[in-house]
Amino acid sequence: MDGGLLSPGLSGLRRTVRLTSAFTWLAGVAFAVQLVFVGAGPAHLPLAVLALVVLAAWLRPGRDSWAVAAVEGVVILGATLVMPTPQPVIAFLFAVTVRRALRVGAERFPVRALPALVGYLAGLTWWLVDQPAAVTGPQVAANLMPLAGLVVESLALHEAVRATRLVEHANRTLEAVVRASPVGLVLLDEEGRPALRNERARELLDWTGDPADRVPCPHGPDLSRCTSGCRTAEEAVEVEVPRPDGATGVLAVHAVPIERRTLVTAQDVSKRRRFEEVLRARAERDELTGLAGRAHFLHLVDQALLAGEAVGLLVIDLDGFKEVNDADGHEAGDWYLVSAAERINRAAGPVAEAARLGGDEFAVLAPGHDVRDSARLATRVLSELARPLAGLGHDTAIRASVGIAVSRPGIGTADLLRDADTAMYAAKREGGARIRLFRPEMGEQVLARQRDKADLRTAVDEGQLVLHYQPIVDLATSEAAGAEALVRWQRPGHGLLAPGAFIGLAEETGLIVPLGAKVLAGACEQAMRWREEGRGLGVTVNVSTRQLSAPVFLPSLDRVLKTTGLPPTQLTIEVTESVWADEAAMRGLMEVRETGVRVALDDFGTGYSSLSYLQRYPFDVVKIDKSFTGNLDDTGRTAGVVRCIIDLAEVLGAHTVAEGIETEAQADWLRRAGCAYAQGYLFGRPDTPENWDSHPIAVS
């Protein structure tokens, strides 16, 4: 770490160790010489040799052992006995003790110093006993006080050395951590200059060691002089810094004042910033089209409304997008959406903001646009969308319904969007490919529509639906052979409503699926009651394309047949020609037919009838629409068409049922033409099962 450690250095300790080592050697050599020349008795020379052995052991301080400590104790004890006075031994004892305090581990010093101290005390005691006449108080004090001072000072020195070595270890550990840290660390002095720093800080801040190096902040090149609170901020501040490769990095810089210095941490958050920008772009922009996303767009509307000027809002829904998606696939559908987005964005121009709200619904925010300006903008959008579009294998034009709402005092974003959405749905209900401006009465219509939806949902849940049955008569016998179940809504406050008043609403809301399930179950239960009464009547139930395409339809049908016990041949499912345009519904219809349930084609000839479909997907019953049977007396051409339908059905192996029969003449004509069955007011109006006793129903 540049600048050294923050804690005290060890240079003073090293000098102390060197001086102490020199002293111990000098004291040891002087002690050995004194033993040779001053010592008395035969033991002085062997003791001098042992003293030299101790000096040799000092050359290997890492190998200190109890043997060396014991030899030191013996030498000190013997020297005390052979020397004229004990004082020369004290210098050697001091050298032995201090050397061990400096060099021996903390757990060994106090114990291994005991042999030398015990040897000196034993020798001193022997010397005092041997020369009682020479023993005086001052002399005893002169020999014991240096020993006491030696013990205290050596212990203090040992603790100081041990503490210093702990600090040294801590400093080395800290230095290793600081060097290896992925965070840049800088200690600034009072002038804001880097007093200390690690290598990571140098890399992040691109410092060269120049005294002018400074830590930057968002408000300037020198964080230590920032007056905007960066130096005392509780959280890190982010600052952009140039990189050597020309790129721009982002650092999170946090300053912590320490007395008159400042500790700064710097962390590279460039990857996090890029990730956040990607997430922000994804949140603000629609991934497929690149237009503004819903959440960001609504935020822009909020801001525009706060500005106080008029705000125009267009909601655009593509007409017929589902058909494109179903016919050409999702990839083509995505391309279609992208093309529409590009054209809407081009029409919006630089003064407005285009967005994709979801699915095939788009919006345009036009600040400063009043009703007239917004209408002109909507016209540009439709004109741009209507330009020929190639790419689906054929030229086509994008059709759309546009709703316009213009802000008024006190209106919020949700209300403005709701108004534009209401106007768009009004345009779509009128056939699409048009523009509608929101009017207050539209809101009332929407509320009424919402009430209708809520009431219909209640009707399905609480049993307000009533089944009426119209007889299907065998023209050969003029007796009822079956009945068509027709649903009615007994709506409180409105009376009995025919299907035309609510089936469209059921289709729009998806309630057609639970509604149809209740009608199917009720019709099958009634057919079983008739069978139990001895009336062999089959029942016909109208099923919508949406019902057939629902995955739950076939299991629901199977469950109803098993629950009621009705034979599948006694049930006829009636569909319209629109089923041919829905692959999922056609698959469902064929699966229904495999169960033994009969299938009838309703209103044949009024839609896009196809002989190839009739041949490929055979039906059990073909119903002739009343628009043909009602004109049998008017023109020979109509009679010819009806006769062709009857003959075609016979070729395909299907029966025909003529609808809307109201006169005996119509019934006689159909009977002569070979039509098998008929229904209409001539034979009976739709009615409840309780009133069927008046009908001429035959027993099969």
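Now for a quick tour of the structure. (Residues numbered from 1 in each chain as written. Predicted model: local features only at pLDDT ≥ 70, side-chain atom pairs only at ≥ 80, totals over all residues. Heavy atoms only, no water.)

1. Describing the sheet that holds strand β9 (residues 400–406)
Next up, step 1: With mixed pairing, the five strands of this open sheet are ordered in space as β7-β8-β6-β9-β10. Every other strand in the sheet has two partners, leaving β7 (353–358) and β10 (435–437) as the edge strands with one partner each. Averaged over all pairs of adjacent strands, the angle between their axes in this sheet comes to 20°, without regard to strand direction.
Next up, step 2: Where strand β6 (residues 311–318) meets β9, seven bridges bridge the pair, whose relative direction is antiparallel. Each residue of the ladder has a partner; that of L318, found in β9, is A400.
Next up, step 3: In the packing of helix α12 (residues 330–348) onto the sheet, contacts are made with β6, β7 and β8 (361–367), and the angle to β8 comes to roughly 10°.
Next up, step 4: In the packing of helix α13 (residues 371–386) onto the sheet, the strands contacted are β6, β8, β9 and β10, and the crossing angle to β9 comes to about 165°. (Pairing = 2+ DSSP bridges. Helix = DSSP H or I, 4+ residues; strand = E, 2+ residues; numbered from the N terminus. Axes fitted to C-alpha atoms, helices over the stretch in contact; angles between N-to-C directions. Contact = heavy atoms within 4.5 Å.)

2. Overview of unusual backbone geometry
Next up, step 1: Backbone geometry places A433, a non-glycine residue, at a positive phi of 55°.
Next up, step 2: Residue position: A433 is located in the loop between α14 (413–429) and β10.
Next up, step 3: In this structure, S478 takes a positive phi of about 60° despite not being glycine.
Next up, step 4: Structurally, the position occupied by S478 is in the loop between β11 (465–474) and β12 (479–491).

3. Some remarks on the packing of aromatic side chains
Next up, step 1: Applying the stated criterion across every chain yields a total of three aromatic pairs.
Next up, step 2: When the centroid spacing of 5.3 Å and the interplanar angle of 70° are considered together, the rings of Y469 and W530 count as edge-to-face. Of this pair, Y469 sits in strand β11 while W530 sits in helix α17 (residues 512–532), and the two are 61 residues apart along the sequence. Each member of the pair, Y469 as well as W530, is classed as buried.
Next up, step 3: Ring plane angle 80° and centroid distance 5.8 Å describe the contact between W489 and F502, whose orientation is recorded as edge-to-face. Residue W489 is located in strand β12, and its partner F502 is located in the loop between β13 (495–497) and α16 (503–509); the two are separated by 13 residues in the primary sequence.
Next up, step 4: The exposure class assigned to W489 is buried, which follows from its relative accessible area of 1%. (Phe/Tyr/Trp six-rings, centres within 6.5 Å; stacked < 30°, edge-to-face > 60°. Buried < 20%, exposed > 50% of the residue type's maximum accessible area, 1.4 Å probe, protein only.)

4. Thoughts on the pattern of salt bridges
Next up, step 1: All told, the structure shown has 25 salt bridges when counted by the stated rule.
Next up, step 2: The closest approach of N and O atoms between R387 and E384, which form a salt bridge, is 2.8 Å.
Next up, step 3: Using a relative accessible area of 37% as the deciding quantity, one classes R387 as partly exposed.
Next up, step 4: When salt bridges that share partners are traced, they join D317, D319, R399 and K428 into one network. (Salt bridge = Lys/Arg side-chain N within 4 Å of Asp/Glu carboxyl O.)

5. Here's the deal with the packing of α17 against helix α19 (residues 553–564)
Next up, step 1: Close contact between α17 and α19 brings their axes to 10 Å; oriented N to C, the two are set at 25°. Relative to α19, α17 is oriented roughly parallel. For the pair α17 and α19, the crossing hand works out as right-handed. Touching A517, L520, A521, C524, E525 and M528 of α17 are F553, S556, L557, V560, L561 and T564, all from α19.
Next up, step 2: Grouping the amino acids of the contact of α17 with α19 by side-chain chemistry returns nine nonpolar, two polar and one charged. (Parallel < 35°, antiparallel > 145°, perpendicular 65-115°, else oblique. Left-handed = near helix turned anticlockwise from the far one by under 90°. Nonpolar A, V, L, I, M, F, W, Y, C, P; charged D, E, K, R; others polar.)

6. A short note on the environment of G359
Next up, step 1: Mapping G359 onto the fold places it in the loop between β7 and β8.
Next up, step 2: Judged by relative accessible area, which is 42%, G359 ranks as partly exposed.
Next up, step 3: With 38 residues separating them in the primary sequence, G359 and F321 have C-alpha atoms 9.5 Å apart.

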